[in-house]
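Fold and geometry: a report
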Amino acid sequence: MRSLISQYLSEIDRFTTQSADELEQFRIRYLSKKGLIPALFEDFKNVPPEQRREIGQALNDLKNKAQEKVTLLREQIEAGTSEQKGETDLTLPVDYLQLGSRHPLSIVREEIIRIFARIGFVVAEGPEIEDDWHNFTALNFQPDHPARDMQDTFFIESNPDILLRTHTSSVQIRAMETRKPPLREIYPGRVFRNEAISARAHCIFHQVEGLYVDHDVSFADLKQTLYYFAHEMFGEGTEVRFRPSYFPFTEPSAEMDVTCFVCGGKGCPICKYSGWVEILGCGMVDPSVPENCGINSNEYTGFAFGMGIERITMLKFRIQDIRLFFENDVRFLKQFTGAV
Ligand code: DAH
């Protein structure tokens with residue numbers, strides 16, 4: 001008798017169902033007049049008097065457990081069917097809306113835009129699908145120029161070439177073709193390169209380009225503008241340095257480094273113990289570029305710069321792998337709200 005009671009107890013404990021029919025079978029099996037529990041009560045007569053107290057108690061517990069189970073499952077099944085019928089129980093707590101968060105690349109892009117907006121730069125955009133002229137030729141990448149190899153991309157059509165733009169510098173051309181100086185603009189956007197995806201490189205990434213064309217724009221203007229940007233973006237004590245570089249559409253060209261904002265210039269793994277991190281490319285607009293767009297380069301000069309948003313975001317938030325930006329894993333994405 002004892003072993004039957006404990007066997008039924010554990011069966012009842014484990015039992016669950018969402019079907020009303022199965023629940024009814026369960027009830028009949030254990031609780032109906034000819035069910036297993038009444039049968040035990042029947043046998044109870046034969047229990048020796050000294051065990052009656054204990055076994056009687058256990059039998060009553062068993063019966064209660066079975067009845068509770070039936071009541072509980074019946075409630076659950078009824079709640080489920082009334083929900084399906086649209087009869088929502090208005091007394092239940094609400095499902096809270098899960099608020100999303102801004103993508104770290106958007107946070108940094110908007111910060112960059114805000115900083116330049118404060119000194120009069122306006123935002124403009126260009127197409128992601130470009131022709132050869134705007135992406136390469138008008139920027140002085142001649143057809144066999146080696147710099148084209150560094151910006152291999154995805155071609156949509158060839159001869160004439162239509163391709164995914166490799167940089168936002170193409171928007172400079174569109175701006176100078178359609179608007180006349182003074183131009184003080186930035187161009188945020190998505191760019192593409194035919195590169196193997198790794199922790200440091202991706203075939204899709206984002207840039208912000210800047211262009212300033214007016215009378216008498218000099219390298220001093222370029223330096224002061226980017227110095228201001230570095231201070232606003234990375235903090236007051238940030239220093240900048242310019243290293244000579246080469247881009248076909250600027251002359252002279254430079255790359256700008258800022259003092260490592262992780263170690264303050266002392267040297268750490270982020271800056272590879274140099275104290276400096278590279279942030280952007282820049283230079284004075286090569287006179288042939290505005291000429292290609294119908295702007296008189298004797299009258300106007302300008303500077304331009306371009307930076308990678310992923311790179312700045314990775315440095316700022318110490319993100320080790322560029323692929324995380326594109327995986328849409330909310331556990332990653334939700335860490336950056338309110339970070340800037
Ligand atoms: N377009 C260059 C690149 O993607 C970045 C760049 C460098 C843009 C110098 C500029 C510039 O406007 O002046 O590598």
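Now for a description of the structure that goes with this document. (Residues numbered from 1 in each chain as written. Predicted model: local features only at pLDDT ≥ 70, side-chain atom pairs only at ≥ 80, totals over all residues. Heavy atoms only, no water.)

The next thing to look at is helix 2 (residues 20-31). Between its first and last C-alpha atoms helix 2 spans 16 Å; for twelve residues at 1.5 Å apiece the expected length is 16 Å, and the two agree. Residues of helix 2 that are buried: Leu23, Phe26 and Tyr30. Buried positions in helix 2, seen along its axis, are confined to an arc of 55° and lie on one side of it. For helix 2, the exposed residues set more than 90 degrees away from the buried face come down to Asp21 and Gln25. Measuring from the backbone nitrogen of Asp21 back to the side-chain oxygen at the start of helix 2 gives 3.3 Å, which picks out Ser19 as the cap. (Helix = DSSP H or I, 4+ residues; strand = E, 2+ residues; numbered from the N terminus. Expected span 1.5 Å × (residues − 1). Buried < 20%, exposed > 50% of the residue type's maximum accessible area, 1.4 Å probe, protein only. Arc of directions from axis to C-beta. Polar contact = N/O pair within 3.5 Å; in protein donor to acceptor, adjacent residues only side chain to side chain.)

Quick look at the site of the ligand now. In the neighbourhood of the ligand, 16 residues make up the surrounding shell, with His167, Ser169, Arg193, Gln207 and Glu209 lying closest. Contacts to the ligand include His167, whose side-chain N or O atom sits 3.0 Å from a nitrogen atom. One nitrogen or oxygen atom from the side chain of Gln172 is found 3.3 Å from an oxygen atom belonging to the ligand. The protein chains hide 91% of the 350 Å² of surface that the ligand would expose on its own. Of all the secondary-structure elements, those providing two or more residues to the shell around the ligand are helix 7 (169-178), strand 6 (204-214), strand 9 (276-285) and strand 10 (301-308). Class assignment of the residues belonging to the shell around the ligand gives a composition of five nonpolar, nine polar and two charged. (Near = heavy atom within 4 Å. Areas by Shrake-Rupley, 256 points an atom, 1.4 Å probe, with all protein chains shown as cover. Nonpolar A, V, L, I, M, F, W, Y, C, P; charged D, E, K, R; others polar.)

Here seven strands make up an open sheet; going across it, the order is 1-5-6-10-9-8-7 and the pairing mixed. If you trace the sheet from one side to the other, it starts and ends with strand 1 (122-123) and strand 7 (240-247), each paired once. Bridging between strand 1 and strand 5 (residues 183-192) involves two bridges; their strand directions are parallel. Along strand 5, the bridge assignment pairs Val122 with Glu185. Packed on one face of the sheet, helix 5 (residues 104-117) meets strand 1, strand 5, strand 6 and strand 10 and runs near 165° to strand 5. (Pairing = 2+ DSSP bridges. Contact = heavy atoms within 4.5 Å. Axes fitted to C-alpha atoms, helices over the stretch in contact; angles between N-to-C directions.)

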